[in-house]
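Structure assessment
Residues per chain, in single letters:
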Amino acid sequence: MDLTYTEDEEDFRHRLRAWLAEVLPKLPDRPHPADWPGRRAYDCGWQRMLHEAGYAGLHWPEDAGGRGATPTQHLIFLEETERAGAPYVGAGFVGLLHAGPTIAAEGTSEQRARWLPPILRGDEVWCQGFSEPDAGSDLASLRTRAVRDGDEYVISGSKIWTSHAEIADWCELLVRTAPVNADTPKHRGITWLAMPMDAPGVTVRPLRTLAGTAEFAEVFLDEVRVPVGHRVGAENDGWRVTMVTLSFERGTAFVGEVVACRRVLEALARTARANGRWDDAVLRRRLGRLAAECAALWRLTQWNVSEAQRTGGVPGVGGSVFKLRFSQVRQELYDAAAEVLGPDALDAGQEWVADRLSSLSYTIAAGTSQIQRNIVAERILGLPKGR
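What you see is a predicted model; the values in this text were computed from it and never measured.

Cut-off values and rules
Residues numbered from 1 in each chain as written. Predicted model: local features only at pLDDT ≥ 70, side-chain atom pairs only at ≥ 80, totals over all residues. Heavy atoms only, no water. Phe/Tyr/Trp six-rings, centres within 6.5 Å; stacked < 30°, edge-to-face > 60°. Helix = DSSP H or I, 4+ residues; strand = E, 2+ residues; numbered from the N terminus. Buried < 20%, exposed > 50% of the residue type's maximum accessible area, 1.4 Å probe, protein only. 1 Å grid on protein atoms, 1.4 Å probe; cavity = no way out; pocket = protein on both sides within 12 Å on 5 of 7 lines; lining within 4 Å. Points joined across faces, edges and corners; volume = space filled by probe spheres on them. Nonpolar A, V, L, I, M, F, W, Y, C, P; charged D, E, K, R; others polar. Core = buried A, V, L, I, M, F, W, Y, C linked by side-chain atoms within 4.5 Å. Domains from an automatic or database assignment. Contact = heavy atoms within 4.5 Å. Expected span 1.5 Å × (residues − 1).

1. Describing the packing of aromatic side chains
- Within this structure, the stated rule accounts for ten aromatic pairs.
- Here W115 and W126 contribute two aromatic rings whose centre-to-centre distance is 6.0 Å and whose plane-to-plane angle is 85°, an arrangement assigned as edge-to-face. A residue pair is termed long-range when its members are at least 10 positions apart, and W115 in helix α5 (residues 109-121) and W126 in strand β1 (residues 126-129) qualify at eleven residues.
- The exposure class of W126 is buried, given its relative accessible area of 0%.
- Here the aromatic rings of F322 and F326 are separated by 5.4 Å at their centres, their planes lie at 5°, and the arrangement is stacked. Of the two residues, F322 and F326 are both situated in helix α9 (residues 318-341); the distance of four residues between them amounts to about one turn of the helix. Judged on exposure class, the residue F322 and its partner F326 are both buried.
- In this structure an aromatic cluster arises from ring pairing among F12, W19, W46, Y55 and F77.

2. Structural notes on the environment of P61
- With respect to the helices, strands and loops of the structure, P61 is situated in the loop between α2 (36-53) and α3 (71-83).
- On the basis of relative accessible area, P61 is assigned to the partly exposed category, the value being 38%.
- C-alpha separation for the pair P61 and P101, spaced 40 residues apart in sequence, amounts to 9.4 Å.

3. Comments concerning empty space enclosed by the protein
- Overall, the coordinates contain two cavities of 30 Å³ or more when judged by the stated rule.
- As a volume, the largest cavity reaches approximately 100 Å³.
- Counting only elements with at least two residues in the lining of the largest cavity, the list comes to α2 and α4 (93-106).
- Broken down by element, the lining of the largest cavity gets its largest block of residues, three residues, from α2.
- Broken down by class, the residue content of the lining of the largest cavity amounts to eight nonpolar, four polar and two charged.
- If you go around the second largest cavity, the residues you meet are Y334, A337, A338, L341, A345, W352, V353 and R356.

4. Things to note about the nonpolar core
- Core analysis: the biggest nonpolar cluster contains 46 residues, and W19, W46, Y55, F77, L268, L333 and W352 have the highest contact counts within it.
- Mapped by element, the contributors of at least two residues to this core are α1 (7-23), α2, α3, α7 (255-275), α8 (281-310) and α9.
- Of all the elements, α9 adds the most residues to this core, at ten residues.
- Two domains each put at least three residues into this core: domain 1 (7-88) and domain 3 (250-380).
- Ignoring anything within four residues of it in the chain, the contact list for W46 reads W19, L20, V23, L24, L27, A86, P87 and Y88.
- By size, the runner-up hydrophobic cluster in this structure holds 27 residues, among which are L96, A104, L116 and W239.

5. Details of the environment of P31
- One can find P31 in the loop between α1 and α2.
- P31 sits twelve residues away from D43 along the chain, and the two C-alpha atoms are 9.9 Å apart.
- Once you skip the residues sitting within four places of it in the chain, P31 turns out to touch G38, R39 and Y42.

6. Section: α3
- Between its first and last C-alpha, α3 extends 18 Å over 13 residues, near the 18 Å set by a 1.5 Å rise per residue.
- With eleven of 13 residues buried, α3 lies mostly within the body of the structure.
- Where α3 is concerned, the buried positions are P71, Q73, H74, L75, I76, F77, L78, E79, E80, T81 and E82.
- Within two residues after α3, G85 carries a phi angle of roughly 75°, on the positive side.

Take a look at the structure:
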C-alpha cells in the first residue's frame, strides 16, 4: 500500500491549514465540561462552520450529503484539525460517527434526506440507546420491547449509559420486536429505530461519571410511540444493522483520538524536560515505546479507512484490532502522564488528570476488550467459538 501523499492531497492539506488558521482564533471560549447545553451550542456551532466551509461529512458519500473525499483526505483532515487544536465532534459524536454513517449505509432515500443534512449542519444531536442494565457486553440480551400497533411501534423498557441523552434530539435505539424462543435466537428479533427524544413517555435521568461530568444517562421508555417509517433496515434485522453501527464505532470513530494521543505524548515530553523527570531513563523508554505504539496505530488506521473505502464504506473487523490495542495504549499513556506529573496527578484541576479517569472506561466502552478479543479470534484467526 502506498502511504505517501500526492500533490493534490498536499494541496488539500495546505488549504485546510490556512482555513483553520483563519477561523480558530475567532471561536468563543469553550464552555465548562459540565455545561452540556453550552457544549452542545459550542460543538454544533463548530459543525456549522465546517459545513459552510465544505468540510462537514468530508468522507461521507456524496449521495448521503457528504463530499466524497478520499480516505487519505479524511485522515489529513483529522490530522490537521487535531494538531491545530480545533474542536472535536463533541456532542455530535453519535450522529456524525455512529448513527449518520449507519443511516447512510442502511437507510432509505427518504431517511437519508430527513436525518443526514441536519446532522451535517449541526442542527440535530443524536444519542445512543443500546445498553441496558442487564444487556451491556451481552447486547443481544436486551429486553426493551416494541409492539407493532398499525403504523407505529409502542416501546417500553429502559436504557443505560446512553451517550448525550440529556441534550439529544434523536436516539438510535435497539428494541426487541420478537421474543426469544427455540425458533428465534436472541440475536434475531432485534430492530434498529430512530426515536425522537421529545416523544411522550421518554424520561432522561443523567448519570454522573468519576470525572464529575454527565455525558451518560438512564433513559426510561413508557409506551413511547415511534412511526414504523423510523425503522432502519427490516423488522427483526436490527442485529445486522447494529453490526454496521458498531463497525463505525470501533473502526473509525476513534481515529482523531490517535492524533490527539500523539500530541499529548509531545506535551508530556516537554513537561518532563521542564520538571526534571526526563532524567529518568525508564520514563524516557516508556514514552518512546508509546510513541511507537501510536505511530503503529496510525498506520493501522490508514489501512482500516482505506479498506473500508475499498469494500463499500463500512469498516471491517480490523476495527476490533484497532479498538483492542488503542484502549490499552490510551490507558498506558495517561498512566505515563501521572508519572510525569508526580504528586500533581492527584490534583483534579491539573491537565491530563480528567483524561486519565476517562481512559479507564476505554476497555469497556464501544465493546469490552474481552468482546474484541473474541471477534479477533473468531473472525480473523478462525478459532472456534467458546462453549
